[in-house]
Amino acid sequence: MASMLVRVELFREVESLFSTMQAQGISPVDNKVFSDIIEGYAATYEIEMGISVYDRMRDHGLVPSLSCYRILIQLLVRKHETQLAIRVYMDMLEQVFKLSDVESVHFENIIKLLCKDGRVQDARKFLKKAMALGLIPADSVLSEISTGYCEKKDFDDILSFYIECKRAPDVLIGNKIMFSLCSNFSTKRADLFLRDLEQLGYVPDVRTFAILICWSCHEGKLKNAFVYVAKLLSRKLKPDIYSYNALIGGVFNVGMWGHAQDIYEEAIDNGRAPTLSTFKVLLAGYCKARQFDKVKEIVDDMVKHSFIQLALLEDPLSKAFLLLGFSPFAVKVKRDNDVGFSKTEFFDGVGNGLYLETDMDEYEKKLTSILRNSMIPDFNSLLVEECDRGNLKSAYMMINDMSFWGQEPSLTAFSVLIRAHCSSRSNFKGISSLFDKYQKLASQLDGKILNLLVQALNKKEFMHKRRIIFDEMLKRNVPIENESYTALVIGLFKEKSYRGFHYYWEIARKDDWVPKLEYFHVILDYLCRQEMIEKALELFESLLVSYNHLKFEICNVLFEHLCVTGFTGIAHVCVEELNRLGYFFDYMAYAYVHLIRGFFKEKKFPEANSIFHLMVAKSMTIPYEVSLLLIPWLCSTGRFEKAIALKEIVLRSQPSDSFSIYTALMNGVCKQRKVLEASHLFFEILSKGLIPDSEIYEKLIQAHSRVNNLRRVNELFGVVIRRKLNVSIPSYRYITRLMCVEGRFLQALSVKDFMLKENSSSKVIIYNILIFSLFQTGNILLVNTLLKELEQHGLILDEITYNFLIIGYCRWQDMTSSRQCLNTLITKDLTPTNRSLRELISCMCDHGMIHEALDLSRIMELKGWVHGSSVQNRIVEGLLSQNKLQEAEEFLDRMVEKGLVPDSITYDNLIKRFCSYGRLKRAVDLLDLMLKRGNIPNAATYDFIIHSFCKCKKLHQAMDFFTEMMVKKLKPSIKTWDLIVRNLCEEGRTEDAEKLFIYMTGMALTPTREMYCLVIDRLCSDNKFEKASEVLQAMQRNGYTPDFETHWSLISNLSNFSDKESSNRSSGFLSRLLSESGFAQGKESKSKIG
């Protein structure tokens, strides 16, 4: 019972059931049911209910499933319920699960949550507990705790932490520690810490030394920087470009500009491509040293490396000053023409005296700033620049470099990057990974960017991430844009997350969300297809208010989708109500057209007809497409006069569509085999001066073929040939069938020859139709002749031909030919139809060829072909008929293991057979397999299983299946009711047996006389005489007369019982009982005898 309630997601009802069981002293023991309830609550974000069930489950000593733990922890982390998440996670670790099964992601998320809240010590304690239970933490977990310590500047704790874990940090976290030490303290302390880390096994990389080099240059300790370069080289590593930039800036700062060129050239020789920052520091340094000839050389190098373009007459120095951030006229290099060089500050290569005309303080300040900033790479600025250029690939490389440098993007840079991603609508995996990596930054993004993200993450695999972002927006009370709600709702459609949809739908509606009209189509289509009509109408009303100027379009969308999805009746009510409110009288004709189409699709033809008459009564123009629907239907219901009247109405208003109307009418009368009316209509068409086309002739041919009028068919076929009209394949099929039925095989061959000349592209199809018709009449000899003819003409048989041959030969018991055709089909790597396989295997089993059927089944297994219900049933029944029970079970196991069971599988007969063999487990397995595939076994199947369990004295299992029948609204047979009552009485559960009587009455069934007697006898044996008398009276009310022995036994026992109470009361009661039973005063009972 609990399992069934869980299946239909009635979780609170299951809890109530368990509470009732507990009150009766019955302890629930079903782990799976409890786990399913918790998962169900978690899916609907009902965290309190989920935890409540979890606690109750653990109180009973039950262990949730691993998937249950995962989902619950995931939700707790998402809701920032840190303590609960830790408790549940530790409980999970203490269970018998393999540690490899426990995803580290949940553990890492809890650690992240603790560190995010600044509770680094708690995170460390949690890790220690988990490690004590055998968990080996991932580097990412250690990184989270280390990052927390870095933010608190607790570097001693970091060292003790790694010593405690007996691990060394990875390069990423090691560099983060180094960068944090350098930026917050000094390179000296960082160097000492590095030695401690190396003792733990840490191996520094190029970037570790780059951090020390850059910060040494920044501190003005150029000598130390070169010492680190030496250490780097001693490890056979090469400095990166950022180290070279810092060294260049460092030598310029101490006035050693002559070495800058050497460092620059070494960088190029070591394969380090210069960046824009490299050139900027060179330009700044040479400008500061007044080496303007060198400045010109650097500008030329920048042109060569394609960083800039220099116009033919453009001054390289002006370009350099511009690149350094000076305005075009702010700095000028002038020659001192005074004889005494009074203004000369420096000389060029040829000895000319030069001086600068600028604000020297500003000039020196800017250059010094560029040189100083060059020493520590400014990744954030570079990242923003790449995003502004639209170069997301380079931006990602920059993010990667930042990680190795132990840095994190600033909130501004992170926001720019996310915005650029949303605008480009690309690399959503990148966005997802960024959010996981920089959760703290992600939690600080402004509402505008969060809205952009929710709208941009529109792929199914990112729906979970979108929901996390959306939940964060709700938590922070960020204003949510209409487009964000729309994107989320549509995404939930695609994800088929029905619970999530309902949850977020309510939130959106409370926030007065209204989608744009262009998305109304999509949302309305989903709501209608999921039968959420109330929500659809609610949204429709909101749109009418918000977009009143578009009410025509909104109504059109609503009626169209309601009618297309099977809710035309509701659409009709809406049309009438809106019309009453005066919304769109002019639009009524369009609305009625939708209604007629919808009613036709739902096969509600009378309703469609009433709408049509309403349109006529209101003198509305009947659209052409509506008449094409109504005319054939009127013909199908025998109302030819009304169909003709409709034709006249339409022709008067729309004469240009007359031919299509006549064609529709011809189609209607021909389908009803009204060949006389069709002939009259044909002459009317001719009298109107219209020339019938091939479609009309085809309808006539098919109509006369249906009534087996070969003479008329030949006449019409002759007219078609003379007019050189095309004969369609369907018409040819009718003609051929009729000729074969009439025994006109030579004529059928002639028609075939004619069709082959006219349809060169459909030759095999033409042969297939004739072969099929010949098999229908049993003319196998002519079939064989046609096959030889096909071979002579070099035509290759297709799958359809072979399938026709397999089925046809089987039908006429030619098993050898049928099997040969199948072998040929398989050899040509073609696939037979399920029907062909079904017919052949059934035929083999009918002829006792079970081994041959199994051989064919093995071929099907190798090919991965699904075994339909008929195939499986026939083979298993064949094996069972030969008492090969084990082989039958092995065959069924193979079908499941290899995934060869179709969704439409039916095992009703096999379940009964296995029950009869006493293989109840196999029978139940087959029933469960049917249910998993969405197929409900019939009532007789359940009856068989229940009877089998009762026979084995397993009443509990029998009652489970009996209850399942009730839930599935299947009616047990009277024998099953009787058997259940009998078994309940044998076990002393008379109260339950009486409840069954109530259920039977509710189902309009009457318990049998034997059922009543069983309950009465058991009640008497249990000395429950008053209860027995009540059942006896109920039995009599249903028209049954108890047998004398039962009646007298009850009276005797009641007499003895009542003597102890009161002789007067006994007399009155017995007299009444006898009277009601029909024994009093010698009156003859008119009650029925059961």
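Fair warning: this is a prediction, and the values are worked out from it, not measured in the lab.

Notes on the overall build of the protein chain
Next, step 1: Counting secondary structure elements, the protein chain contains 61 helices and 3 strands.
Next, step 2: Of all 1090 residues assigned to the protein chain, the portion counted as buried reaches 49%.
Next, step 3: Contacts in the protein chain between residues far apart in sequence, at least 24 positions, make up 63% of those at least 6 positions apart.
Next, step 4: Of the accessible surface of the protein chain, which amounts to about 52700 Å², a share of 52% is contributed by carbon and sulfur atoms.

Some remarks on the pattern of salt bridges
Next, step 1: Per the counting criterion, the structure on display carries 38 salt bridges.
Next, step 2: Ionic pairing is found between lysine 288 and glutamate 364, a salt bridge with its closest N-O pair at 3.2 Å. One end of the pair, lysine 288, is in helix H17 (residues 276-288); the other, glutamate 364, is in helix H20 (residues 360-373), with 76 residues separating them in the sequence.
Next, step 3: Taking relative accessible area as the criterion, glutamate 364 reaches 23% and is therefore assigned partly exposed.

A few points about the environment of tyrosine 264
Next, step 1: Residue placement: tyrosine 264 occurs in helix H16 (residues 260-269).
Next, step 2: A sequence separation of 14 residues divides tyrosine 264 from threonine 278, and the C-alpha atoms of the two residues are 8.4 Å apart.
Next, step 3: If near-sequence neighbours (up to four positions away) are discounted, tyrosine 264 is found in contact with Ile248, Pro274, Thr278, Phe279, Leu282, Asp301 and His305.

Brief notes about helix H10 (residues 155-165)
Next, step 1: For H10, the full list of buried residues reads Phe155, Ile158, Leu159, Phe161, Tyr162 and Cys165. Mapping the buried residues of H10 onto a view down its axis gives an arc of 160°, with all of them on the same face.
Next, step 2: Those residues of H10 hidden inside the fold are in contact with helix H8 (120-132), helix H9 (139-152), helix H11 (171-184) and helix H12 (187-199).

Concerning the environment of leucine 774
Next, step 1: For leucine 774, the location among the structural elements is in helix H44 (residues 763-777).
Next, step 2: Residue leucine 774 is classed as buried on the basis of its relative accessible area of 0%.
Next, step 3: Considering only alpha carbons, one finds leucine 774 and glycine 808, 34 residues apart in sequence, at a separation of 9.1 Å.
Next, step 4: When neighbours within four sequence positions are excluded, leucine 774 is seen to be in contact with Cys740, Phe745, Asn779, Leu782, Val783 and Leu786.

Focus on a negative patch on the surface
Next, step 1: On the surface, a cluster of negative charge is made up of Asp262, Glu265, Glu266 and Asp269.
Next, step 2: Relative to the assigned elements, aspartate 262 resides in helix H16.
Next, step 3: The exposure class of aspartate 262 is partly exposed, given its relative accessible area of 46%.

Some thoughts on the packing of helix H4 (residues 47-59) against helix H5 (residues 66-78)
Next, step 1: Taken N-terminus to C-terminus, the directions of H4 and H5 make an angle of 140°; their axes are 11 Å apart at the nearest point. In terms of axis orientation, H4 runs oblique to H5. The element H4 and its partner H5 pack so that their crossing is left-handed. In contact with Ile47, Ile51, Tyr54 and Arg58 of H4, H5 contributes Tyr69, Leu72, Leu75 and Leu76.
Next, step 2: Considered class by class, the residues forming the contact of H4 with H5 number 7 nonpolar, no polar and 1 charged.

A short note on unusual backbone geometry
Next, step 1: Even without a glycine there, the phi angle at serine 306 is positive, about 65°.
Next, step 2: Since its relative accessible area comes to 63%, serine 306 is described here as exposed.
Next, step 3: The phi angle at glutamate 531 is positive, at roughly 60°, despite the residue not being glycine.
Next, step 4: Inspection of the secondary structure assignment puts glutamate 531 in the loop between helix H30 (517-529) and helix H31 (533-546).

Some points on the packing of aromatic side chains
Next, step 1: According to the stated counting rule, one finds 37 aromatic pairs in the structure shown.
Next, step 2: Taking 5.2 Å as the distance between ring centres and 70° as the angle between the ring planes, the aromatic pair formed by tyrosine 242 and phenylalanine 379 counts as edge-to-face. Taken together, the residues tyrosine 242 in helix H15 (residues 241-253) and phenylalanine 379 in helix H21 (residues 379-388) connect sequence positions 137 residues apart.
Next, step 3: What makes tyrosine 242 buried here is its relative accessible area of 14%.

Here's the deal with the confidence of the model for the protein chain
Next, step 1: Across the protein chain, pLDDT averages 82, with 88% of residues at or above 70.
Next, step 2: The model gives residues 1059-1090 a pLDDT under 50, and that stretch makes 34 contacts with residues more than four places away or in other chains.

Considerations on the side chain of asparagine 779
Next, step 1: Summarising the element assignment, asparagine 779 is placed in the loop between H44 and helix H45 (780-792).
Next, step 2: Beyond its immediate sequence surroundings of up to four residues, asparagine 779 is in contact with Phe745 and Leu774.

Focus: the environment of valine 675
Next, step 1: Mapped onto the elements, valine 675 comes out in helix H39 (residues 675-687).
Next, step 2: As for valine 675 and valine 707, which are separated by 32 residues in sequence, their C-alpha atoms are 8.4 Å apart.

Comments concerning the state of the cysteines
Next, step 1: Counted under the stated rule, the structure contains 0 disulfides.
Next, step 2: Cysteine 670 carries a free sulfur, and the closest cysteine sulfur to it, the one in cysteine 635, is 9.4 Å from it.

A look at helix H49 (residues 850-863)
In an α-helix, one turn spans 3.6 residues; hence positions three or four apart end up facing the same way.
Next, step 1: The end-to-end C-alpha distance of H49, which contains 14 residues, comes to 20 Å, matching closely the 20 Å that a straight helix rising 1.5 Å per residue would cover.
Next, step 2: Along H49, the residues classified as buried are Ile850, Ala853, Leu854, Leu856, Ser857, Met860 and Glu861. What you see down the axis of H49 is that its buried residues fit within an arc of 160°, all on one side.
Next, step 3: Packed against the buried residues of H49 are helix H47 (815-827), helix H48 (834-846), helix H50 (869-881) and helix H51 (885-897).
Next, step 4: Following H49 by one or two positions, glycine 864 has its phi on the positive side, about 75°.

Looking at the packing of helix H42 (residues 729-741) against helix H43 (residues 745-758)
Each packed pair of helices is defined by two parameters, the angle between the axes and the distance between the axes.
Next, step 1: Look at H42 against H43: their axes get within 8 Å of each other, and the N-to-C directions meet at 160°. Judged by the inter-axis angle, H42 sits roughly antiparallel to H43. Once H42 is placed against H43, the crossing between them reads as left-handed. Contacts between H42 and H43 involve Ile729, Tyr732, Ile735, Met739 and Cys740 on the former and, on the latter, Phe745, Gln747, Ala748, Val751, Lys752 and Met755.

Some points on the side chain of serine 731
Next, step 1: Mapped onto the secondary structure, serine 731 falls in helix H42.
Next, step 2: Setting aside residues no more than four positions away along its own chain, serine 731 makes contact with Glu698 and Gln702.

Cut-offs applied
Residues numbered from 1 in each chain as written. Predicted model: local features only at pLDDT ≥ 70, side-chain atom pairs only at ≥ 80, totals over all residues. Heavy atoms only, no water. Helix = DSSP H or I, 4+ residues; strand = E, 2+ residues; numbered from the N terminus. Buried < 20%, exposed > 50% of the residue type's maximum accessible area, 1.4 Å probe, protein only. Contact = heavy atoms within 4.5 Å. Areas by Shrake-Rupley, 256 points an atom, 1.4 Å probe, with all protein chains shown as cover. Salt bridge = Lys/Arg side-chain N within 4 Å of Asp/Glu carboxyl O. Arc of directions from axis to C-beta. Patch = residues over 30% accessible without salt bridge, like charges linked within 9 Å, V, L, I, M, F, W, Y side chains within 5 Å. Lys, Arg positive; Asp, Glu negative; His and termini not counted. Charge placed at Lys NZ, Arg CZ, Asp CG, Glu CD. Axes fitted to C-alpha atoms, helices over the stretch in contact; angles between N-to-C directions. Parallel < 35°, antiparallel > 145°, perpendicular 65-115°, else oblique. Left-handed = near helix turned anticlockwise from the far one by under 90°. Nonpolar A, V, L, I, M, F, W, Y, C, P; charged D, E, K, R; others polar. Phe/Tyr/Trp six-rings, centres within 6.5 Å; stacked < 30°, edge-to-face > 60°. pLDDT = per-residue confidence, 0-100. Disulfide = S-S within 2.5 Å. Expected span 1.5 Å × (residues − 1).

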